[in-house]
Amino acid sequence: MRSPVPACPCPPRIDAARRLWHPPADIQGTKMNLFADIRSLVVASLEDMVASGALPAGLDMTNVAVEPPRDAAHGDMATNAAMVLAKPAGMAPRAIAEALAARLAGDPRIVSAEVAGPGFLNLRLTAESWRGVVKAALGAGRDFGRSAMGRGTKVNVEFVSANPTGPMHVGHTRGAVFGDALAALLDFAGHEVTREYYINDGGAQVDVLARSAYERYREANGLSPEIAEGLYPGDYLIPVGEALKAKYGVSLLDRPEADWLTEVREFATEKMMEMIREDLALLGVKMDVFTSEKAITASGKIEEAIETLRGMGLIYDGTLEPPKGKLPEDWEEREQTLFKSTAFGDDVDRPVKKSDGSWTYFAPDIAYHWDKVSRGYDLLIDVLGADHGGYVKRLKAVVAALSNRRVDLEVKLIQLVKLFKNGEPFKMSKRAGTFVTLRDVVEQAGADVTRFVMLTRKNDAALDFDFDKVLEQSKDNPVFYVQYAHARVCSVLRKAAEAGIAADDATLAAADHGKLAHEAEIALAKKIAEWPRLVEIAARGQEPHRIAFYLYELASDLHGLWNRGNEDASLRFIQDDPSTAQAKIALARAAGVVISAGLGILGVTPAEEMR
RNA sequence: GGCCCCGUAGCUCAGGGGAUAGAGCGACCGCCUCCUAAGCGGUAGGUCACAGGUUCGAAUCCUGUCGGGGCCGCCA
């Protein structure tokens, strides 16, 4: 009787990697990041040189970098130390490099240190160093690459924040995917992250929603709806009308708006938020906090925030210059209550009160950001559509003012998603019924494809989303390429089990990795070694797309090694000798672990099998 | 008029002070008796929009120009 093949040990669900995480003490710091380790070695050596008088005192080492060289022929790592320090030290770069090379050569991890070009120091590391990375990856599992970089930093990532007046569309989808991946990335880099959704339920648009829903309510009661110009015509409000009928019967019919507006507004808004939560769930996005604009307003926080600013001398009554260029038809000069955002780098001061004395849209935003500041975050991130670019400076000004410049606000603008179908631009129009919702996209393309495609572009570059390419699920689609690499690793593990080779992570971590000696194998280990470094670079730049590109490269290296096995049987992972096999499988599994962790950050499922 | 983003191979895009600028697609030539060919190897393809400047060093930073997109009080 054959024993059943054990399931791939990769965690099948993505949730586990995405929850809030605090690094245990033993993997805090940088000891799993070989590039950081060697940089520490370089800096320590430079400090020794200072101590011994070989270099002058007082040098700033912050620009000293240890990086993978562009050309692998140059070695494993390169440092710019000599070039960076040449000028402040008043010495020739090559002289510094030579002296540094002599010191580094004494380290057991360093095979060679050669001066090259204008003063680069090219380092080669022992194969044993790279094998150590495989062991570390297997020991840490999907925690390999986690960083303590953000330790002690509380970050609030506000994203989506779609108006609760209808279903989410493609533009929201990109913002949702980006914000969620950014939050996961910052979490992985050791920050304490809150995912937050700001519900714009306080403005005139929810009154419009209420009136639109009321017409559907009339319709549900057998009357013909009057969807006037300016109301939301979408079918998605029909069920809301029916639900209103179920709750209120005929009691709201033939009553003045003032009698039903508040109740219908709250009812419809809640229904819209239910729908939006379902949409987010389809994408695999889970918020930690929903904050209501209406609640902020009702709590009196707007007045508090404005009075706080007034106390700082940043609120005054005045008039603004008319905008340059084309003047609005109905422009007239009016006195408004203004926030002195120019004191914090804005171009003009911004109105917080309209001429009729009511708050502008900006006022609740002031209160909301004040609320976020008061919740003790060290960093606020707003993920907004690119059409909100004009609000960035005033928002930054608010946060700077209300936090005494303690809290930084980063605004990540999400550029347009351009839809294509049959190679032609696909215009969206609510009226023409060609309105593409998040649900449309996810139901057709799947959450994994949607997420990965939207993360293979910088947030500030426009994204072409071609339905045909995505629906084809062709090999053009990088998500399959990466998932397939992971599936191949799982396949190797299944084969190992069939062959009776123990291949659990603990066994693999303890395998005789000295059997990994071929340059193609060491090359893959080197790529794996870059992962912890990449995580920190991506997190520092708040650029989750870097994860996607790295995973593609890692998958490419794994596929390459796999195919080498076709020509050279000694490069296959499954070998007759169990000890040799375990060493090779360990390498594959280490790559799989990193792919799994990286896809976890992106919110994409690491497929175990693809046929 | 002002502010923000973008301009890199035929196409879609990475790289954003460092060495000979990369990938995918498309084109061309190869690779399945073999752990999954949704894979791999190779060839061809560049004035990094343009002009100045900073620097030992610029696709990368600064200024300007050109081209594309977005935004600019009493909407949200």
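Every chain begins its residue count from 1, and numbering advances along the sequence as written. Naming scheme: in the order in which they are written, chains are lettered from A and ligands are numbered from 1. With the structure being a predicted model, the display of local features is reserved for residues of pLDDT at least 70 and the display and counting of side-chain atom pairs for 80 or more, all residues being used for whole-chain, interface and lining totals. The basis for the side-chain values is all heavy atoms of the structure; hydrogens and waters are excluded.

## So, the overall build of chain A
Heads up, the condition is: Going along the chain from the N terminus, every DSSP run of H or I of four or more residues is numbered as a helix, and every run of E of two or more is numbered as a strand. For every residue, the accessible area (1.4 Å probe, protein chains only) is compared with the maximum for its type, and the residue is labelled buried under 20%, exposed over 50%, or partly exposed between those bounds. For this analysis, residues touch if any pair of their heavy atoms sits within 4.5 Å.
Per the secondary structure count, chain A includes 22 helices and 15 strands. Dimensions of chain A along its principal axes, counting C-alpha atoms only, are 85 × 75 × 45 Å. Among the 611 residues that make up chain A, the fraction classed as buried is 51%. Considering only intrachain contacts with a sequence separation of at least 6, the fraction spanning at least 24 residues in chain A is 74%.

## So, the protein's contact with RNA strand B
The condition is simple: Whether a residue is near a molecule or strand is decided by its heavy atoms; if any one of them lies within 4 Å of it, the residue is near. Whenever a nitrogen or oxygen atom comes within 3.5 Å of another N or O atom, the pair is scored as a polar contact, on the condition that within protein one atom can donate a hydrogen and the other can accept it, and that pairs from neighbouring residues in sequence are kept only if both atoms are in side chains. When residues are sorted by character, Ala, Val, Leu, Ile, Met, Phe, Trp, Tyr, Cys and Pro go into the nonpolar class, Asp, Glu, Lys and Arg into the charged class, and all the rest, Gly among them, into the polar class.
As a matter of local geometry, RNA strand B sits amid 60 residues, with Arg70, Tyr391, Tyr481, Tyr484 and Ser491 nearest to it. For RNA strand B, the backbone makes up 55% of the atoms found within 4 Å of the protein, where backbone means sugar plus phosphate. In this structure, a sugar or linking oxygen belonging to RNA strand B sits 2.6 Å away from a side-chain N or O atom of glutamine 205. Note that a phosphate oxygen of RNA strand B is positioned 2.3 Å from one of the side-chain N or O atoms of tyrosine 481. Counting residues per element, the ones that place at least two in the surface near RNA strand B are α3 (81–89), β4 (120–125), α7 (204–220), α17 (478–498) and α21 (545–567). For the surface near RNA strand B, the element with the most residues is α21, which contributes 10 residues. Considering only residue class, the surface near RNA strand B consists of 23 nonpolar, 16 polar and 21 charged.

## Regarding α7
Given 3.6 residues per turn, any residue in an α-helix points the same way as the ones three and four places further on. Note the cut-off: Helix span, as expected, comes to 1.5 Å for every residue beyond the first.
Here α7 is 17 residues long and its end C-alpha atoms lie 25 Å apart, about the 24 Å a rise of 1.5 Å per residue gives. Burial within α7 is extensive, with 13 of its 17 residues counted as buried. Downstream of α7 by a residue or two, glycine 222 has a phi angle that is positive, lying close to 85 degrees.

## Re the nonpolar core
We apply this condition: In this text, buried Ala, Val, Leu, Ile, Met, Phe, Trp, Tyr and Cys residues form a nonpolar core when linked through side-chain atoms within 4.5 Å. Where each domain starts and ends comes from a domain assignment, either automatic or drawn from a database.
Ranked by size, the top nonpolar core spans 133 residues in total, and within it Leu46, Ile528, Trp531 and Ile585 carry the most contacts. Per element, the largest residue contribution to this core is 14 residues, and it comes from helix α22 (residues 578–602). Both domain 1 (34–128) and domain 3 (476–602) contribute no fewer than three residues apiece to this core. Other than its neighbours up to four places away in sequence, isoleucine 528 contacts Val133, Ala137, Phe144, Tyr550, Leu554, Leu587, Ala590, Ala591 and Val594.

## Here we look at the sheet that holds strand β12 (residues 408–414)
What counts, and what does not: Two strands qualify as a pair provided that DSSP identifies no fewer than 2 bridges between them. Geometry is summarised by axes, namely lines fitted to C-alpha atoms with helices restricted to the contacting stretch, and by angles between N-to-C directions that run from 0 to 180 degrees.
Read across the sheet, five strands follow the order β7-β6-β5-β11-β12 without closing on themselves; strand pairing throughout is parallel. At either margin of the open sheet sits one strand with a lone partner, and together these are β7 (289–292) and β12. Recorded for the sheet is a direction-independent mean angle of 25 degrees between the axes of neighbouring strands. Relative to strand β11 (residues 379–385), strand β5 (residues 154–158) runs parallel, the two being bridged by four bridges. Along β11, the bridge assignment pairs valine 157 with isoleucine 381.

## A look at the packing of aromatic side chains
Applied cut-off: The pairing test for Phe, Tyr and Trp rings, Trp by its six-membered ring, is centres within 6.5 Å, and the orientation test on the planes gives stacked under 30 degrees, edge-to-face over 60, and tilted for anything in between.
Counted according to the given criterion, the structure contains 12 aromatic pairs. Plain terms: the ring middles of phenylalanine 339 and phenylalanine 362 are 6.3 Å apart, the flat faces sit at 45 degrees to each other, and that makes the pair tilted. With phenylalanine 339 in strand β9 (residues 336–339) and phenylalanine 362 in helix α12 (residues 362–374), this pair connects stretches of sequence that are 23 residues apart. For phenylalanine 339, a relative accessible area of 0% translates into the label buried.

## Things to note about empty space enclosed by the protein
Condition: Throughout, the protein atoms alone are placed on a 1 Å grid, and a set of points is a cavity if a 1.4 Å probe fits but cannot get out or a pocket if it is open with protein on both sides within 12 Å along at least five of seven lines; lining residues have an atom within 4 Å of a point. Grid points are joined across faces, edges and corners, and a volume is the space filled by probe spheres set on the points.
Applying the stated rule across the entire model yields two cavities of 30 Å³ or more. In this structure, the second largest cavity is lined by Phe178, Leu455, Arg457, Lys458, Asn459, Gln542, Glu543, Pro544 and His545. Residues of the lining of the second largest cavity, tallied by class, amount to three nonpolar, three polar and three charged.

## As for the environment of isoleucine 315
With respect to the helices and strands, isoleucine 315 occurs in strand β8 (residues 315–318). Judged by relative accessible area, which is 8%, isoleucine 315 ranks as buried. With 25 residues separating them along the chain, isoleucine 315 and lysine 340 place their C-alpha atoms 6.1 Å apart. Here isoleucine 315 is in contact with Ile306, Leu309, Arg310, Thr337, Leu338 and Phe339, once residues within four sequence places are set aside.

## With respect to the environment of leucine 244
Residue position: leucine 244 is located in helix α8 (residues 238–248). Sequence separation between leucine 244 and alanine 54 is 190 residues, and the spatial gap between their C-alpha atoms is 82 Å.

## A few points about the side chain of glutamine 582
Within the secondary structure layout, glutamine 582 lies in helix α22. With sequence-adjacent residues up to four places away left out, glutamine 582 is seen in contact with Ile501, Ala502, Thr507, Leu508 and Ala511.

## Here's the deal with the packing of helix α19 (residues 519–529) against α21
As a reminder, the rule being used: The labels follow the angle: roughly parallel below 35 degrees, roughly antiparallel above 145, roughly perpendicular from 65 to 115, and oblique for the rest. Left-handed describes a crossing whose near helix is turned anticlockwise from the far helix through less than a right angle; right-handed describes the clockwise counterpart.
Relative to each other, α19 and α21 sit at 165 degrees, their axes nearing to 10 Å. It follows that α19 is roughly antiparallel to α21 by the angle criterion. When the axes of α19 and α21 are compared, the crossing they make is left-handed. In this structure, α19 contributes Glu519, Ala520, Glu521, Leu524, Lys527 and Ile528 to the contact, and α21 contributes Tyr550, Glu553, Leu554, Asp557, Leu558, Leu561 and Arg564. Of the residues that constitute the contact of α19 with α21, the class distribution is seven nonpolar, no polar and six charged.

## Quick notes on the domain arrangement of chain A
Segmentation of chain A into domains returns domain 1 (34–128), domain 2 (205–279) and domain 3 (476–602). The C-alpha-based centres of domain 1 and domain 2 are spaced at 69 Å.

## Quick word on α3
Rules: Note that the arc is computed from the directions linking the helix axis to the C-beta atoms.
Considered for burial, the residues of α3 that qualify are Ala81, Ala82, Leu85, Ala86 and Ala89. With its buried residues spanning 130 degrees around the axis, α3 presents them on a single face. Away from its buried face, by an angle of more than 90 degrees, α3 presents the exposed residues Lys87 and Pro88. The inward-facing, buried residues of α3 abut α2 (34–51), β2 (77–79) and α4 (93–104). After α3 finishes, the residue glycine 90 shows a positive phi value of roughly 65 degrees.

## So, the pairing of strand β3 (residues 110–116)
Strand direction decides the pairing type here: β3 and β4, joined by six bridges, are antiparallel. Bridge pairing in β4 links valine 115 to leucine 121. Counting the residues between successive antiparallel strands, the hairpin from β3 to β4 contains three residues, one of them, glycine 117, with a positive phi of roughly 55 degrees.

## Details of the pattern of salt bridges
What counts is decided by this rule: Note on definitions: salt bridges are taken to be side-chain nitrogens of Lys or Arg within 4 Å of carboxyl oxygens of Asp or Glu.
Taken as a whole and judged by the stated rule, the model has 34 salt bridges. For aspartate 107, the salt bridge goes to arginine 109, with nearest N and O atoms at 2.9 Å. When its relative accessible area of 27% is taken as the criterion, arginine 109 is described as partly exposed. A salt bridge links aspartate 180 to arginine 451; the nearest nitrogen and oxygen atoms lie 2.7 Å apart. Taken together, the residues span a long stretch of sequence, with aspartate 180 in helix α6 (residues 170–188) and arginine 451 in helix α15 (residues 447–454) at a distance of 271 residues.

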